[in-house]
Amino acid sequence: MKTRPWQFRAVKKLFHLALVLQSTLATETLPPNELGKIPIITYHVFGAKESEFVRPPEVFYRDLLNFRKYGFWPLSLEEFITGEIKTPKGKIPVMLTFDDSSISQFRILENGEIDPHCAVGVMEKFRRDYPDYALKAVFFVMPKARYPNNLFGQPKWNKKKLEFLLARGYEIASHTYWHANFQIYHDRIEEQLAKTQIEIERYIPQLKLKALALPFGKYPPQEKITKLFQGSYKGFSYQNRVIFDYANKLSESPYSVTFDKAKVHRLHGFQGVFDKLFRQRAQSPQIFFVSDGLAKIITVPRSRKGEAKIPEGFRLQVY
Ligand SMILES: [Zn+2]
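Please read these numbers as outputs of a predicted model, since none were measured by experiment. All residue numbers here refer to positions counted from 1 along the written sequence of the relevant chain. pLDDT decides what is reported in this predicted model: residues at 70 or higher carry local features, side-chain atom pairs at 80 or more are listed and counted, and totals for whole chains, interfaces and linings draw on all residues regardless. As a rule here, side-chain values cover all heavy atoms of the structure and leave hydrogens and water aside.

Q: Hey, could you run me through the overall build of the protein chain in this one?
A: For helices the rule is a DSSP run of H or I covering at least 4 residues; for strands it is a run of E covering at least 2, with both sets numbered from the N terminus onward. In terms of helices and strands, the protein chain carries eight helices and 14 strands. The reference for a compact globule is 2.2 Å times residues^0.38; the radius of gyration itself is calculated from the C-alpha atoms. Taking 319 residues into account, the globule formula puts the C-alpha radius of gyration at 20 Å, and the protein chain, at 21 Å, falls close to it. Over its C-alpha atoms, taken along the principal directions, the protein chain stretches across nearly 75 × 50 × 40 Å. Contacts between residues were defined by any pair of non-hydrogen atoms, one from each residue, lying within 4.5 Å. Long-range pairs, those at least 24 residues apart, make up 69% of the contacts in the protein chain with a sequence separation of at least 6. Values of accessible area rely on a 1.4 Å probe in the Shrake-Rupley scheme; residue burial ignores everything except the protein chains shown. Surface accessibility of the protein chain: about 15800 Å² in total, with carbon and sulfur atoms responsible for 55%.

Q: Would you mind showing me how to read the packing of aromatic side chains here?
A: Aromatic rings considered in pairs are described by the distance between their centres and by the relative angle of their planes. Ring pairs shown here join Phe, Tyr and Trp side chains whose ring centres sit within 6.5 Å, with only the six-membered ring taken for Trp; geometry is labelled stacked below 30 degrees between planes, edge-to-face above 60, and tilted in between. According to the stated counting rule, one finds 28 aromatic pairs in the structure shown. When the ring of Trp73 is compared with that of Tyr133, the centres are 5.1 Å apart and the planes differ by 75 degrees; the resulting orientation is edge-to-face. Taken as a pair, Trp73 in strand β4 (residues 72-74) and Tyr133 in the loop between α4 (119-129) and β6 (138-141) lie far apart in primary sequence, 60 residues in all. Residue exposure (1.4 Å probe, protein chains only): buried if accessible area is under 20% of the type maximum, exposed if over 50%, otherwise partly exposed. Since its relative accessible area comes to 4%, Tyr133 is described here as buried. Centre to centre, the rings of Tyr255 and Phe314 are 6.1 Å apart; their planes meet at 55 degrees, and the pair counts as tilted. One end of the pair, Tyr255, is in the loop between β11 (242-244) and β12 (267-268); the other, Phe314, is in the loop between β13 (297-300) and β14 (315-318), and 59 residues separate them in sequence. When the ring centre of Tyr170 is taken as origin, the NZ or CZ atom of Arg127, which lies over that ring, is 5.1 Å away. Here, a charge over a ring means that NZ of Lys or CZ of Arg falls within 6 Å of the ring centre while also lying within 35 degrees of the ring normal. Here the guanidinium or amino end of Lys261 rests over the ring plane of Phe229, the centre of that ring lying 5.3 Å away.

Q: Please clarify how the pairing of strand β9 (residues 230-233) should be interpreted in this entry.
A: The two faces of a sheet get side chains in turn, since along a regular strand they alternate between them. Sheet topology note: the β9/strand β10 (residues 236-239) ladder contains four bridges and is antiparallel. Residue Tyr233 lies in a different strand from β10, and its bridge partner there is Phe236. Two strands are counted as paired when DSSP detects at least two bridges linking them. Hairpin connection between β9 and β10: a loop of two residues separates the two successive antiparallel strands, and Lys234 in this loop has a positive phi of roughly 50 degrees.

Q: What's the story with the coordination of the zinc ion in this structure? I'm lost.
A: Ideal values for angles at a metal depend on the geometry: 109.5 degrees with four tetrahedral donors, 90 or 180 degrees with six octahedral donors. For Na, K and Ca the donor cutoff is 3.2 Å, while for all other metals N, O and S atoms must lie within 2.8 Å; water is not among the atoms, so some sites may look incomplete. Distances from the zinc ion to its protein donors, Asp100 (OD), His175 (NE2) and His179 (NE2), fall at 2.1 Å. Donor residues for the zinc ion, ordered by position in the chain, follow D-x74-H-x3-H. Note on accessibility: His175 and His179 belong to one class, buried.

Q: Please clarify how the packing of helix α2 (residues 57-69) against helix α8 (residues 271-283) should be interpreted in this entry.
A: Each pair of packed helices can be described by the angle between their axes along with the distance between the axes. An axis is simply a line fitted to the C-alpha atoms; with a helix, the fit covers only the stretch in contact. Between two such axes, the angle follows the N-to-C directions and lies from 0 to 180 degrees. Where α2 meets α8, the closest approach of the two axes is 12 Å, and the angle between their N-to-C directions is 15 degrees. One finds that α2 runs roughly parallel with respect to α8. The hand of the α2/α8 crossing is left-handed. Contact residues: α2 offers Val59, Arg62, Asp63, Asn66 and Phe67, while α8 offers Gln271, Phe274, Leu277 and Phe278. Only Asp, Glu, Lys and Arg are considered charged in this grouping, and only Ala, Val, Leu, Ile, Met, Phe, Trp, Tyr, Cys and Pro are considered nonpolar; every other residue, Gly among them, is considered polar. Residue composition of the contact of α2 with α8, grouped by class: five nonpolar, two polar and two charged. With respect to orientation, any angle under 35 degrees is reported as roughly parallel, any angle over 145 as roughly antiparallel, any angle of 65 to 115 as roughly perpendicular, and every other angle as oblique. It is the rotation of the near helix from the far one that decides the hand of a crossing: anticlockwise by less than a right angle makes it left-handed, clockwise makes it right-handed.

Q: Could you clarify how one ought to interpret the nonpolar core in this entry?
A: Joining through side-chain atoms within 4.5 Å is the link that ties buried Ala, Val, Leu, Ile, Met, Phe, Trp, Tyr and Cys residues into a set, and such a set is a nonpolar core. Membership of the largest hydrophobic core comes to 47 residues, with the highest contact counts inside it found for Phe67, Phe72, Leu96, Phe98 and Phe139. Once you skip the residues sitting within four places of it in the chain, Phe98 turns out to touch Tyr43, Phe46, Phe60, Gln105, Ala119, Met123, Ala137, Val138, Phe139 and Phe140. Among the nonpolar cores identified, the runner-up in size contains 24 residues, and Ile38, Leu75, Phe80 and Phe314 belong to it.

Q: Before we go on, may I ask you to explain the packing of α2 against α4 in this structure?
A: Look at α2 against α4: their axes get within 10 Å of each other, and the N-to-C directions meet at 40 degrees. Overall, the two elements α2 and α4 adopt an arrangement that is oblique. Along this stretch, α2 crosses α4, giving a crossing that reads as right-handed. Contacts from Pro57, Phe60, Tyr61, Leu64, Leu65 and Arg68 in α2 reach Ala119, Val122, Met123, Lys125, Phe126 and Asp129 in α4. Class assignment for the residues of the contact of α2 with α4 results in nine nonpolar, no polar and three charged.

Q: How should I be thinking about the side chain of Ser101 in this particular structure?
A: Take Ser101: it is sitting in the loop between β5 (92-99) and α4. Polar contacts involving the side chain of Ser101 include one to the main-chain carbonyl oxygen of Asn149, which spans 3.0 Å. In this structure, Ser101 is in contact with Phe140, Val141, Met142, Pro148, Asn149, Asn150, Leu151, Phe152 and Gly153, ignoring residues within four places of it in sequence. Pairing of N or O atoms within 3.5 Å defines a polar contact, subject to two protein rules: one partner must be a possible hydrogen donor and the other a possible acceptor, and residues neighboring in sequence count only if both atoms are side-chain atoms.

Okay, here's the thing in structure tokens:
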């Protein structure tokens, strides 16, 4: 059937209405639900040609705008680990993570300035443009991978870069020494993780890494999973509080009985995933963790009370 102009206009109008409705729904205030799921985004490379692993800088900036617009609020690794989530009331925490420490994430130009097109450059601009939005991010780094993934690819800037990230409130965590697949290299878990810690301490002596993102999302055999959390190599020890996978799923709430600190799920950072996330935000907001604005109180709907696991020093509140 041939579409007539009036039909086309009507369809276009309806489509527009749906969009307006969706964005209204996405900005309404949500009731607290601290057993809901948390999106943890995994970004990789920043560059001109968009793909599953590459995000152009202007598209990344738009992601940040969308998070802000749809009521998501950046969550730190520290908040996630301790459970003291400081997300404002009615907002959904989102953790931004960056894997593989490529130069595209943090590049210093010849003149000593941060490249405005690298991930850090884009985030710093966003912080200047929207000072009300407390942007945070976690970098899962590899000190001895091949260029351009060797701790952001500019060895002479290693110390300055790490100091800058920490001073600006970004966090550093482990992605192993050189992207070791622990399904294969499971006899070298302790070596890989201790060496990463040692290398980071060369630049920042007081920095203890607290989390690991598994390269390729690959796990060692079950009996070796404890080594992901702690171990030592030639007298040097390390300790991880949580292990992140690459399952492309929303994370469980850290207050939920279903939460597994050895398998914290992350989402893949590409367009299809973002589209789905914002659609879910508009159509089924009840699936998400929504903060009560109180760090030590865990607020949940009465019907879900039985699913809560309350850490020491925290209090449960139902409604
Ligand atoms: Zn990786």
